[in-house]
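Per-entry structural report
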There are 2 protein chains.
Amino acid sequence: MHRVGVIGGGQLARMMIQPAVEMGIELRVLAEAPHSSAALVATAIGDYRDSATVLAFAAGVDVITFDHEHVPQDVLAALVAAGATVRPEPAALAVAQDKLVMRERLSALGVPIPAWAAVGDAAALAAFIVAHDGAAVVKTPRGGYDGKGVRVVRDAAEAADWFAAATGPLLAEELVPFRRELAQLVARRPSGEIATWPLVETVQTEGICTEVVAPAPGAADLARSAANLATSIATGLGVTGVLAVELFETDDGRLLVNELAMRPHNSGHWTIDGAVTSQFEQHLRAVLDLPLGDPSAREPWSVMVNVVGGPVGATMPERYPQALAAQPRVKFHSYAKDSRPGRKVGHVTASGDDLDKVRGDARAAAAFFEN
Amino acid sequence: MHRVGVIGGGQLARMMIQPAVEMGIELRVLAEAPHSSAALVATAIGDYRDSATVLAFAAGVDVITFDHEHVPQDVLAALVAAGATVRPEPAALAVAQDKLVMRERLSALGVPIPAWAAVGDAAALAAFIVAHDGAAVVKTPRGGYDGKGVRVVRDAAEAADWFAAATGPLLAEELVPFRRELAQLVARRPSGEIATWPLVETVQTEGICTEVVAPAPGAADLARSAANLATSIATGLGVTGVLAVELFETDDGRLLVNELAMRPHNSGHWTIDGAVTSQFEQHLRAVLDLPLGDPSAREPWSVMVNVVGGPVGATMPERYPQALAAQPRVKFHSYAKDSRPGRKVGHVTASGDDLDKVRGDARAAAAFFEN
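All figures in this text were calculated on a predicted structure; none of them were measured in a lab. (Residues numbered from 1 in each chain as written. Chains lettered and ligands numbered in written order. Predicted model: local features only at pLDDT ≥ 70, side-chain atom pairs only at ≥ 80, totals over all residues.)

1. Observations concerning the overall build of chain A
When helices and strands are counted, chain A shows 13 helices and 17 strands. Scaling as 2.2 N^0.38, a compact globule of 371 residues should have a C-alpha radius of gyration of about 21 Å, and chain A matches this with 20 Å. Here the C-alpha coordinates of chain A stretch approximately 55 × 50 × 45 Å along the principal axes. When each of the 371 residues of chain A is scored for burial, the buried share is 52%. Considering only contacts within chain A whose residues lie at least 6 apart along the sequence, 62% involve residues at least 24 apart. (Helix = DSSP H or I, 4+ residues; strand = E, 2+ residues; numbered from the N terminus. Rg over C-alpha atoms; globule rule 2.2 N^0.38 Å. Buried ≥ 20, exposed ≤ 12 C-beta atoms within 10 Å, placed from the backbone. Contact = placed C-beta atoms within 7 Å.)

Below, the structure is given as structure tokens:
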């Protein structure tokens, strides 16, 4: 058993190619369109919402996994009914697909999260705002990413358009005063084996993850708590594969879970170059129920900086003559995407002993692909 | 310019896939047959000795490079005449293609090599044997690899079959008493930029490289000489891309050049996991005339052990459940080849602070794929 089928042809599927080739694992991708980021291994092109398309794709592989969490539950049910092995399992994935379901399950597991409520109308939201210091973070339960579907409001009227368009309640959360955002990545096999990477600090810019520092500076005390938290979530929800737990470190030093992702995650891109086992290799191992690799960092510090937008009218490789000359130790990753404002088209990673130098090198390298 | 065409679909072409995907470089391979090791990127299948086949392949890429050194000079000349960029250049490649030409050029460059002669018949070989302590290493000038085409003789009659089949002289070399074999890998851009990896020790078993230790233990004094030697050869021959210089460390402590390879080389497989820039990434950078990456080791010691032969009646991935569980820090590489006695079907690499442990782990990991 070593044929993995990935639904979705984005950069996460693309970055599974390297470990698959390395280990001799056959990787196939069902992409939405031609010229996807993972086009090299796209053996099928079609709509992931269409059961027939997905079933036909699944027939050629041993296990189905995902580049994104948007495959509808009825399609997943059809896969399971047809005998396909789906990892993470549909019941776990359901928790990542709906932010209200996620809060219900995390609350039931006793996981610390911001105060929340399902708000069905403006009056309910207004009451939540009054009860939570005059503000709320409102989220659409489904389909958000990179800051989309998230809005901070101080008046219920600011969410009127979402209520008008919604088919059910919205999620309201307290606006947590936090020092910074962290992320804890973990992988779990069906057998229950767990591996946790070092806790990292993530920096968001306009809702998009732009920088990750591994390990999170000055967070040695929090690291064990974060690893335990992520382990209990992965186990409690029965996740297989990589689980990313996005966290707030609050102003009073607590960890609160912000979001979950059940797939390789931007906060783990540094592991390709900075860890003994990358999140992409680990995800393949986990969904194939193979023993997990060592998730330890290879160097004291790694910093990943996303290339957002990309060079105007150019590709990342067209800037390599300058960028590679300036940063011979930095690792460059292109997702083979055209530049577009706000779009993640690649990332760079620097590693070394001196955090200031590593961060400076990574930022300087990424700057070659701006504008 | 970022489309690289590789002639030959073996594991060296395969291992170029990972850095190509990582950096967003388009890789295309002309493979000899379907189901090659590099099948994922094989856009053409055909005979590399046929000019029309190779010219058609070259039309779709920006630069042509190689998985092996066997492309005939008339085909290379046709490529150049058609305007193709060929790296390494045909004149340099000619030196790697013929061991007699290689000795002539190395002698002219003043590079230390074992005493040698072109021997046209048994009488000439007999005279060479008498003049060199009663033994000679006889080599066919063309087409040898993995110990094939190399024979130690003490009587000229032992090479009678080769003389009978030969269309020209054979190469005779003195049998050098050596402590061990070393290899110095270097990369050179067309612009002249050079990068040298750490000097490594190579262990051959029945003519096949089976183990590489990086850096070569106790060779700090030799390291600078080896790097200078490889640099002068790369520059002197005008090599672009990776050049492997196989060396003897003689019983009296000198370095002698044994063989050259103008492509990524088995002695550099450890760089995938053990160096900041792997030989495969560096080769792509070099042939695209992009700035070279840092060739430094990432950890004090790395040991690569080849998987030769492979598990009988099984593939490497079928042994992963045991192997990965036993060695969570080891990196596993499968070439997607069927097992066959004497065939390199993969390799493993371990890295760390303690050479004995690193070597033990690598050997233990490789042992899961024997028998």
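2. What about the sheet that holds strand β6 (residues 136-139) of chain B?
All names here are of chain B. The sheet built from four strands is open, its strands ordered β5-β8-β6-β7 with antiparallel pairing. Taken across any chain shown, the strands that pair with only one partner, and hence form the sheet edges, are β5 (116-119) and β7 (150-153). Across the sheet, the axes of successive neighbouring strands diverge by a mean angle of 25 degrees, strand direction being ignored. Across three bridges, the pairing between β6 and strand β8 (residues 170-173) is antiparallel. (Pairing = 2+ DSSP bridges. Axes fitted to C-alpha atoms, helices over the stretch in contact; angles between N-to-C directions.)

3. A closer look at the pairing of strand β17 (residues 344-352) of chain B
The side chains of a regular strand alternate, first on one face of the sheet and then on the other. Residue and element names in this part refer to chain B. The buried count for β17 comes to eight of nine residues, which makes it a mostly enclosed element. Both strand β15 (residues 301-308) and β17 contribute to a ladder of eight bridges, which runs antiparallel. Bridged to V303 within β17 is A350. Bridge count for strand β16 (residues 331-334) against β17 is four bridges, and the pairing is antiparallel. Opposite K331, over in β17, you have T349 as the bridge partner.

4. A few points about the interface of chain B and chain A
Interface extent is often summarised as the accessible area lost during association of the parts. With 31 residues of chain B at the interface, the matching set in chain A holds 30 residues. Counting only elements with at least two residues in the side of chain B that touches chain A, the list comes to α2 (17-23), α12 (320-326) and β16 of chain B. Residue classes in the side of chain B that touches chain A are distributed as 18 nonpolar, seven polar and six charged. (Nonpolar A, V, L, I, M, F, W, Y, C, P; charged D, E, K, R; others polar.)

5. A word on the domain arrangement of chain A
We note that the domain assignment places domain 1 (3-86), domain 2 (115-173) and domain 3 (178-367) within chain A. Each of domain 2 of chain A and domain 3 of chain A has a C-alpha centre, and these two points are 29 Å apart. (Domains from an automatic or database assignment.)

6. Thoughts on the sheet that holds strand β1 (residues 3-7) of chain A
Residues and elements named next belong to chain A. The parallel open sheet is built from four strands, whose spatial order is β3-β2-β1-β4. If you trace the sheet from one side to the other, it starts and ends with β3 (42-45) and β4 (63-66), each paired once. Each neighbouring strand pair of the sheet contributes to a mean axis angle of 25 degrees, computed without reference to strand direction. Here strand β2 (residues 26-31) runs beside β3; their pairing, made up of three bridges, is parallel. If you follow A31 over to β3, its bridge partner there is I45.

7. Considerations on the nonpolar core
Grouped together as the largest cluster of nonpolar side chains are 217 residues, with contacts concentrated most on L243 of chain A together with L243 of chain B. What L243 of chain B contacts, discounting residues up to four positions off in sequence, is V186, R188, A230, I233, A234, L260 and M262 of chain B. (Core = buried A, V, L, I, M, F, W, Y, C linked by C-beta atoms within 7 Å.)

8. Examining the relation of the copies chain B and chain A
It takes a turn of 180 degrees to lay chain B on chain A, together with a shift of 0.0 Å along the axis; the resulting RMSD is 0.0 Å. The superposition of one copy onto the other is thereby described by a two-fold rotation axis. Among all C-alpha atoms of chain B, that of Q18 of chain B lies closest to the rotation axis, at 2.4 Å. Interface residue correspondence from chain B to chain A reaches 97%, placing this contact among same-surface, isologous pairings. (Least-squares fit on C-alpha atoms with pLDDT ≥ 70 in both.)

9. Some points on the pairing of β4 of chain A
Residue and element names in this part refer to chain A. Alternating positions in β4 separate into two faces, V63 and T65 on one and I64 and F66 on the other, with burial throughout. As paired strands, β1 and β4 are joined by four bridges and run parallel to one another. Note on β4: the bridge partner recorded for V4 is V63.

10. A few points about helix α4 (residues 73-81) of chain B
Residue and element names in this part refer to chain B. Among the residues making up α4, those that are buried are V75, L76 and L79. Along α4, the residues classed as buried sweep out an arc of 100 degrees about the axis, all on the same side. More than 90 degrees from the buried face of α4, the exposed residues found are D74 and A81. Taken together, the buried residues of α4 touch α3 (51-58), β4 (63-66) and α5 (90-97). Residue G83 follows α4 closely and has a positive phi angle near 95 degrees. (Arc of directions from axis to C-beta.)

11. Here's the deal with the packing of α5 of chain B against helix α6 (residues 99-108) of chain B
All names here are of chain B. Between α5 and α6, the shortest axis-to-axis distance is 5 Å and the interhelical angle comes to 110 degrees. When the axes of α5 and α6 are compared, the pair comes out roughly perpendicular. Where α5 abuts α6, its residues A94, V95 and A96 lie against V101, M102 and R105. Class assignment of the residues belonging to the contact of α5 with α6 gives a composition of five nonpolar, no polar and one charged. (Parallel < 35°, antiparallel > 145°, perpendicular 65-115°, else oblique.)

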